[in-house]
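Commentary on secondary and tertiary structure
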Amino acid sequence: MTEVRPGTAASGSLWERDEELTAVVRAIDVLCADRASSGGLLVLEGEAGLGKTALLTEIRRIAGDHGCAVWSARGGETLRSVPFNVVRQLLQPALLSLMPEEAREYLGDWYHIAGPALGIAEPRDGQADPQGVCDGLVAAVRRLAEREWPLVLLIDDAHWADVETLRWLAAFAERLKDPPVLLVVTRRPGEFGGEGARCLDAAVAAAGVHTLSALTPEATAGLTRTTLGPHADAPFCREVWAVTGGNPYETVELLAKVRDSELEPVEAQAAELRALNRSARGGGLVARLEELGIDATRFAWAAAVLGTGISVELVARLATMYPDDAERCAELLRRARILTEPDPATARGGGDLEFVHPLIATAVYNSIPDALRTAMHGIAAQVVADSGFGAAAASRHLLQVHPDDDQELVEQLRQAAREHLAVGASDAARQCLERALLEPPTPTTHARVLHELGCATLLTAPATTIEHLQRALAMPGLDGATRVDAVWRLSQALLHNDQLEEAVRTVAAEAARHEPGPTRMRLQAVQYMWEGLYTGGTSSPDRSERLAGLAAGCTGRDNSERALLILRGFDAMTRGESAEEVVEMCDRALVNGRLAPGLGWTDTEWGIELLLMLASAYAYCDRLDRAETLYTEALRAYETAGWSGGHLALAHAYVGLGHRRRGRLREAEEALRASLRLAERIGRGLPLYWTATCNLVDTLLARGHVERAWEVAEQHAFAPPYPSTIVLPDPHSVRGRLLLALGRTEDAVNELEAAEKAAAARGHQNPVTVPWAADLARALATEDPERAGRLVADLRRQAERFGTDTAIGEALRCAAALETGRRAVRLAAQAVTYLEASPCQYEHAAARVEFGIVSRSAAELGRGLALARSCGADGLAEQAARLLESEHGPGQAPS
């Protein structure tokens, strides 16, 4: 039994809680010991009434005694549809206590991202990225924790928290080692399923979980005598335990009823306990409420419907009561232990009242007749909206109203969805639009609601988006720009769902519906874009010719023409046409060397794929200066806008690709691992996931970390079948190189030959983006030197046709590897000359080392060693150093 026994009846929930309180005190001691202390998470788990809330109250007291700042929040059964409800309760009081400029200073770049979700800043135009908002909330707590150290966060009834809060909780729990915060969460096990439950399970997975149990008969007897006096006899105490099952909340409430009724705590009166217990819970509670009168009952019902921010004024308006009558009812309900004034330290939502316990709130809410409860929600929506809280705040009430062909309600729900999307609450927006469809909308509006619903789920559920947009496009009501936008977004969703062939067909069919003009040109550009990314099947022989014909007349007058120029440049690059001409076409797509208005990284009309094609065309044409500028702009744009999902993952991946091409292998690995972490959150199998994985394996191989490359490949399923979207560099080629490095030559040859067939089918003849030929030639050099020679000859012709220093230098490296004697030395020297002029420093380093080996030059080996070390090419540097240090190495031989 715990020694902590305050004199009030409420202390019953602290009996037999020594283990939990000891763990809390230990965690708080660790937190307070040093600002550098790592954070911690404790979870108190148990059924209703086992004392979780009372334990949090005691933890608040203990933390306060230790000098901690304590912030708290509570989930509500009827409030799960209110986005960010719980995290707002947690953080809003502290943020509102700051001056606006202080809040901006502490949140920094995250202010405009997390601020709207927290209700302290106006949202920007458009749709906020839910993942970015989640990351912004994590950053907000981390920054505030540094200011408020030592900080304790308490979340009660987390099983009833909104999905947005639970996403934040899961993300924050992952990173609790850094911020000096103690987070204590209570929950009921198995209360509900769905995404919220998965997030909550993920959050508590690594936590110290304490499962609360009911009080023993001995503890119940001790609590009874503490509450009623030491004269309570043993049979009476045993009956208290039998009636309540040792549930602390029910025990406290029953003992309060015993004391109020002046029942003697002796065996002769024990039979009265069951009747008293029934009056303290469930139907008995409702009967007790009704005894207070119809006005008090109406007031309690209205409070239960509102659920949060329960002010006497707002309740009075919902219950249609005069202010004086409302104040009188509030006082009656306080005295009856149904409502209470919130503790100023834990007050939430600006309300004046709250229910004594969540169980009471649930019982009162469920006691309202169904039809009346529905009607009250409809009135509550109007009351909330008229009070200036906005459509989003009213939407949780609108969701409860029965469908009735009410077009005003449809418009209110559409507006609420827009407000939810602006703060990153896509799930709440989805619920509003799905409810609007049930009303239902008029035939002319129905398709638009489906379109909005598809847009709301695009970032989070591509498969759902596809269904909604296909239905919308099959109905009347979508015309002009709205229809084109729906087709564009549908094609994006199909791409993200790895249905690229269907995306191509969808856009092509829509383009055929339009007469020649800007709209058709835009749709044709989108069609060519998806075709350019599609790796399935065989490329149409005349596709590149048709694209070249369209682009030939483009001067870059508008974004459709600029898009066609970019697509033509990318197509020419993948086909290995003149790099000089590729760069010229890409340059024509820019305006004074910059992206044109409407073609920015966060502009949604064209999407990220087009700009990544532009940057990649520059990257593989040895114009890394322009490619890196674009990659860096993308990363900065997405971080500033708070786009922390697939866009940011791709930005990190392509920044990594830029580093890899430049030869900054350490930086490349860091960026690619960041990309892969983000991609993991979104889901495996998507194109962005393959891009991050493929480039990370390629980078680790360049670094000489073969075992680590294999671990990444195994962990992230980097093996056939590959996605239907193009990945740069070619996955077949990279996996073939990996297998060669592992000594699995036969498997490597098979993989590289598969790369050869796939490239031939697509017409991809760029030896830099699809580098299978060089590795296959090396693999066949001993077993089939004739074929290896043909491969090298073709490789050199393709490299000369493409014309970059990197392509030619790499082809010469491969040719040198298959030769001996003076011819090998001459070819290796030529490779060094070309790669020295290339921006790709890792390839230059490799060429230097290989030239040093065949020419037996210690000086060249030394230069190669220095370059390899600066690149982070550990394997290459080790090879060069070993040769230089060897007593019989080439460095000791005459040059």
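Bear in mind the structure is a predicted one, so any value in this text is a computation, not a measurement.

Bringing the pairing of strand β3 (residues 151–156) into the picture now. In summary, the side chains of a regular strand alternate between the two faces of the sheet. With six of its six residues buried, β3 lies for the most part within the structure. Side chains Leu-151, Leu-153 and Ile-155 of β3 all project onto a buried face; the interleaved residues Val-152, Leu-154 and Asp-156 project onto the opposite face, where all are buried too. Across six bridges, strand β2 (residues 69–74) lies against β3 in parallel orientation. Counted as the bridge partner of Ala-69 is Leu-151 from β3. As judged from the five bridges shared by β3 and strand β4 (residues 181–187), these two strands associate in the parallel manner. Across the sheet, the residue bridging to Leu-151 is Val-181, located in β4.

Tallied over the entire structure, the rule returns eight aromatic pairs. The interplanar angle of 15° and the centroid separation of 5.5 Å between the aromatic rings of Tyr-638 and Trp-643 together place this pair among those described as stacked. For Trp-643, a relative accessible area of 14% corresponds to the buried category. Note on Trp-690 and Phe-718: the rings are 6.1 Å apart at their centroids and 55° apart in plane angle, and the pair reads as tilted. One end of the pair, Trp-690, is in helix α34 (residues 687–703); the other, Phe-718, is in the loop between α35 (706–715) and α36 (731–741), and 28 residues separate them in sequence. Classification of Trp-690 as buried rests on a relative accessible area of 10%. One aromatic cluster in this structure is built from Trp-601, Tyr-638 and Trp-643. For the cation-ring pair, Arg-373 lies above Tyr-365, with the distance from its terminal atom to the ring centre recorded as 5.1 Å. Residue placement shows Arg-522 over the ring face of Trp-606; its charged tip is 5.5 Å from the ring centre.

So, on to the side chain of Arg-660. Among the secondary structure elements, Arg-660 is positioned in helix α32 (residues 646–662). Taking the relative accessible area as the measure of exposure, Arg-660 reaches 7% and is therefore buried. Only 3.0 Å separates the side chain of Arg-660 from the side chain of Asp-698, close enough to count as a polar contact. What Arg-660 contacts, discounting residues up to four positions off in sequence, is Leu-665, Ala-668, Asp-698, Thr-699, Ala-702, Tyr-842 and Glu-843.

One finds Phe-299, Ile-338, Phe-355, Trp-530, Trp-601, Val-697 and Trp-772 to be the most contacted residues of the largest nonpolar core, which totals 198 residues. Among the elements that line this core, the one with the most residues is helix α30 (residues 608–620), at 11 residues. Those residues in contact with Trp-772, other than ones at most four positions away along the chain, are Ser-733, Leu-752, Ala-755, Glu-756, Ala-759 and Leu-791. Trp-71, Ile-120, Cys-134 and Phe-172 belong to the second-largest nonpolar core, a separate cluster that totals 59 residues.

About the cut-offs
- Residues numbered from 1 in each chain as written.
- Predicted model: local features only at pLDDT ≥ 70, side-chain atom pairs only at ≥ 80, totals over all residues.
- Heavy atoms only, no water.
- Buried < 20%, exposed > 50% of the residue type's maximum accessible area, 1.4 Å probe, protein only.
- Helix = DSSP H or I, 4+ residues; strand = E, 2+ residues; numbered from the N terminus.
- Pairing = 2+ DSSP bridges.
- Phe/Tyr/Trp six-rings, centres within 6.5 Å; stacked < 30°, edge-to-face > 60°.
- Lys NZ or Arg CZ within 6 Å of the ring centre and 35° of its normal.
- Polar contact = N/O pair within 3.5 Å; in protein donor to acceptor, adjacent residues only side chain to side chain.
- Contact = heavy atoms within 4.5 Å.
- Core = buried A, V, L, I, M, F, W, Y, C linked by side-chain atoms within 4.5 Å.

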